[in-house]
Amino acid sequence: SAVISQKPSRDICQRGTSLTIQCQVDSQVTMMFWYRQQPGQSLTLIATANQGSEATYESGFVIDKFPISRPNLTFSTLTVSNMSPEDSSIYLCSARRGDTEAFFGQGTRLTVV
Amino acid sequence: AQSVAQPEDQVNVAEGNPLTVKCTYSVSGNPYLFWYVQYPNRGLQFLLKYITGDNLVKGSYGFEAEFNKSQTSFPQKKPSALVSDSALYFCIFTGGGNKLTFGTGTQLKVEL
């Protein structure tokens, strides 16, 4: 198994600003992902964080809005840029090794005012 | 397109009764299927998985699921529900690639 530490756990931000969310895994993993979830709803994949190269974004998500870094096999960040109230959501980090189950962080609850 | 479906937004069960949470899949090839649970204000926790082998898989907290290829289903079951089982449950699949595809989630409510 793997333990994922995600921070901050929550934040309230002014529109037009940016927030960087950090995800630290306690062991090396091959894959890391970032998701968005509205409370009580399903998860939507934002992007796959690739170690040493640019992230792979899903349809509807772009690098300028959600820049992602993954400098090594245990750490990744997601930045939500130029925030608007529509960005208010829960953001979750996830990690996998091969075909094993995925592990999830506790999530970051973001409110944009 | 490959997908999973959870046809029930909510399932209500009395404590002590058996519970079933439905999941069907539409996948070409052999799917890898998972069940996860999410408690309020928490991340997702892994419950069980089907990769290959026995169609009946047992997981955490007394949950089990049965892979049925002919019905393309993977329902999750528990013989006796607890109030503490009340949570949001997700059926998830991957077609062997990296990405997980999530069902829409089923809110389970177990009442006394």
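In this report, we go over the structure that sits alongside the text. Because the structure is a prediction, the values reported are computed rather than measured.

Overview of the overall build of chain B
In step 1: Looking only at helices and strands, chain B features zero helices and 12 strands.
In step 2: For chain B, the sequential pattern of α-helices and β-strands runs β-β-β-β-β-β-β-β-β-β-β-β.
In step 3: In terms of overall size, chain B behaves like a compact globule, its C-alpha atoms giving a radius of gyration of 13 Å where 112 residues would be expected to give roughly 13 Å.
In step 4: Here chain B holds 112 residues, and the buried ones make up 44% of them.
In step 5: Taking the intrachain contacts of chain B between residues at least 6 apart in sequence as the baseline, contacts between residues at least 24 apart amount to 53%.
In step 6: If you average the places of the 9 positive and of the 8 negative side-chain charges in chain B, the two averages end up 7 Å apart.

Points about the side chain of T94(B)
In step 1: Mapped onto the fold, T94(B) is located in strand β10 (residues 87-94).
In step 2: A polar contact is formed between the side chain of T94(B) and the backbone oxygen of K99(B), at a distance of 3.1 Å.
In step 3: The residues touching T94(B), leaving out its near neighbours within four places in the chain, are R96(A), P31(B), Y32(B), F34(B), K99(B) and L100(B).

Brief notes about the layout of surface pockets
Regions of empty space are outlined by a rolling probe, equal in size to a water molecule, passed over the atoms.
In step 1: Quantified by volume, the largest pocket comes out at close to 330 Å³.
In step 2: In terms of lining residues, the largest pocket is bounded by 19 residues, among which I90(A), R109(A), P40(B), N41(B) and R42(B) are the most central.
In step 3: For the lining of the largest pocket, the secondary-structure elements that each account for two or more residues are β9 (89-96) and β11 (108-112) of chain A together with β10 of chain B.
In step 4: A class-by-class count of the residues in the lining of the largest pocket yields seven nonpolar, nine polar and three charged.
In step 5: Here the second largest pocket is characterised by a volume of approximately 170 Å³.
In step 6: As for the second largest pocket, its lining consists of A2(A), V3(A), I4(A), A102(A), F103(A), F104(A), Y36(B), L44(B), Q45(B) and F46(B).

Some thoughts on the pattern of salt bridges
Residues and elements named next belong to chain B.
In step 1: Throughout the structure, instances matching the rule amount to six salt bridges over all chains.
In step 2: Ionic pairing is found between K78 and D85, a salt bridge with its closest N-O pair at 2.8 Å.
In step 3: Judged by relative accessible area, which is 8%, K78 ranks as buried.

A word on the interface of chain B and chain A
How big an interface is tends to be stated in terms of accessible area lost as the parts join.
In step 1: The partner chain A presents 21 residues to the 22 residues of chain B that form the contact.
In step 2: With both chains or domains summed, chain B and chain A bury close to 1,700 Å², and 52% of this area falls on carbon and sulfur atoms.
In step 3: Considering only the surface of chain B that becomes buried against chain A, N98(B), K99(B) and F102(B) emerge as the three largest contributors, covering 27% of it.
In step 4: Taken together, the connections running from chain B to chain A amount to two salt bridges.
In step 5: As a salt-bridge pair, E101(A) and K49(B) come within 3.1 Å of each other at their nearest N and O atoms.
In step 6: Counting across the interface, chain B meets chain A through six residue pairs in polar contact (both at pLDDT 80 or more).
In step 7: If you list the elements that add at least two residues to the side of chain B that touches chain A, you get β5 (32-38), β6 (44-50) and β10 of chain B.
In step 8: With four residues, β5(B) is the single largest residue contributor to the side of chain B that touches chain A.
In step 9: Class assignment for the residues of the side of chain B that touches chain A results in 10 nonpolar, nine polar and three charged.

Some thoughts on the pairing of strand β4 (residues 31-37) of chain A
Residue and element names in this part refer to chain A.
In step 1: The element β4 is extensively covered by neighbouring structure, given that six of its seven residues are classed as buried.
In step 2: In terms of strand pairing, β4 meets β9 through seven bridges, oriented antiparallel. Residue Y35 lies in a different strand from β9, and its bridge partner there is L92.
In step 3: With six bridges joining them, β4 and strand β5 (residues 43-49) adopt antiparallel strand pairing. Among the inter-strand pairings, Q37 is bridged to a residue of β5, identified as L43.
In step 4: In textbook terms, the turn of a hairpin is the stretch between consecutive antiparallel strands, and for β4 and β5 this stretch comprises five residues, one of which, G40, has a positive phi near 80°.

Reading the values: rules and limits
- Residues numbered from 1 in each chain as written.
- Chains lettered and ligands numbered in written order.
- Predicted model: local features only at pLDDT ≥ 70, side-chain atom pairs only at ≥ 80, totals over all residues.
- Heavy atoms only, no water.
- Helix = DSSP H or I, 4+ residues; strand = E, 2+ residues; numbered from the N terminus.
- Rg over C-alpha atoms; globule rule 2.2 N^0.38 Å.
- Buried < 20%, exposed > 50% of the residue type's maximum accessible area, 1.4 Å probe, protein only.
- Contact = heavy atoms within 4.5 Å.
- Lys, Arg positive; Asp, Glu negative; His and termini not counted.
- Charge placed at Lys NZ, Arg CZ, Asp CG, Glu CD.
- Polar contact = N/O pair within 3.5 Å; in protein donor to acceptor, adjacent residues only side chain to side chain.
- 1 Å grid on protein atoms, 1.4 Å probe; cavity = no way out; pocket = protein on both sides within 12 Å on 5 of 7 lines; lining within 4 Å.
- Points joined across faces, edges and corners; volume = space filled by probe spheres on them.
- Nonpolar A, V, L, I, M, F, W, Y, C, P; charged D, E, K, R; others polar.
- Salt bridge = Lys/Arg side-chain N within 4 Å of Asp/Glu carboxyl O.
- Buried area = accessible area lost by both parts, 1.4 Å probe.
- Pairing = 2+ DSSP bridges.

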